[in-house]
Amino acid sequence: MRITVLTGAGISAESGLATFRASDGLWENHRIEDVATPEGFARAPELVHHFYNQRRARLAEVAPNPAHHALARLARMHDLTLVTQNVDDLHERGGSAEVIHMHGELTRALCAACDHRWPAPAVMRPDDPCPACGKPTTRPDIVWFGEIPYHMDRIWDALDHADLFAAIGTSGNVYPAAGFAQHAARRGIDCPELNLADSANSRDFTHRITGPASQTVPQWVASLTAT
Ligand code: APR
């Protein structure tokens, strides 16, 4: 069976990483527009680098949870395209060999001048030179609001050929990812939503599996591998 799975911050919540849209609307005490837009970076590069340096350091303190491990098992049983909005590396550390990071990766650096990419050092600073072109134009390889997500051709193609689409732990607020369920459901395939609560686009799914991802995802995967 061909399966496409989209994951969001909720799958990493039980590993100890904060989601984006907590009730106070802040991400780790920062306004999203300050730390997740090109304008915010242009205004205050020190602050934005510091913010992502902290997120990168936090990654080293957390571990994948049973939901990440279950998706790695799913890939061994079915033809899985795993798409994540998350910039953490918990899918990879949970055993998933191929992960499409549509919003970039905390562990990668990007040169805004020449587009060169390389493994991010633990601490990035605004005046770090790009290892390829030497310009001090390095930034986290994160897709900010107003920028185009990565690998979209591959993702739409996977959705067009999937027999099943599931979204796990995403609030359905950010497009294009928030449109995947409607796109897939129009093709008449099964589209479960796995989430702790209703999301902004719950009605686009064929059914909902409610609960914490560390419990619902292993159960859902077991139900698929048993058939
Ligand atoms: N199990 C399952 N779902 C959970 C859990 C859990 N333990 N904890 C939280 N959730 C759900 C919440 O109910 C919510 O619907 O995860 C979702 C998290 O939503 P957001 O914080 O909005 O995260 P996400 O949807 O991934 O955000 C999308 O927005 O800020 C940008 O680029 C950023 O990739 C991010 C994008």
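Our structure's up above, just so we're on the same page.
These numbers were taken from a predicted model, which means no experiment stands behind them.

Enquirer: Where do I start with the pairing of strand β8 (residues 192-195) in this structure?
Expert: Where a strand is regular, its side chains alternate between the two sheet faces. Here β8 shows a buried face lined by P192 and L194 and a second buried face lined by E193 and N195. Two strands pair when backbone bridges link them, and strand β7 (residues 164-168) and β8 are joined in this way by two bridges, in the parallel orientation. Looking at the pairing, A167 lines up with E193 of β8. The parallel pair β7 and β8, bridged by helix α8 (residues 180-185), forms a crossover whose chirality is right-handed. Two elements, β8 and strand β9 (residues 207-210), share four bridges in a ladder whose sense is parallel. Following the sheet pairing, P192 is matched in β9 by H207.

Enquirer: How should I be thinking about the pattern of salt bridges in this particular structure?
Expert: If the charged atoms of two oppositely charged side chains come close together, the side chains can form a pair. Across all of its chains, the model carries nine salt bridges by this definition. Among the salt bridges present, the one from R43 reaches D34, with a minimum N-O distance of 3.4 Å. Residue class for R43 comes out exposed when judged on its relative accessible area of 57%. Among the ionic pairs, D198 bridges to R208, the shortest N-O distance being 2.8 Å. Of this pair, D198 sits in the loop between β8 and β9 while R208 sits in strand β9; the two residues are ten residues apart in sequence, bridging distant segments of the chain. By relative accessible area, R208 is classed as partly exposed at 42%. Residues joined in a network through salt bridges with shared partners are R31, E33, D34 and R43.

Analysis parameters
- Residues numbered from 1 in each chain as written.
- Predicted model: local features only at pLDDT ≥ 70, side-chain atom pairs only at ≥ 80, totals over all residues.
- Heavy atoms only, no water.
- Buried < 20%, exposed > 50% of the residue type's maximum accessible area, 1.4 Å probe, protein only.
- Helix = DSSP H or I, 4+ residues; strand = E, 2+ residues; numbered from the N terminus.
- Pairing = 2+ DSSP bridges.
- Right-handed = clockwise from strand over helix to strand, strands pointing away.
- Salt bridge = Lys/Arg side-chain N within 4 Å of Asp/Glu carboxyl O.

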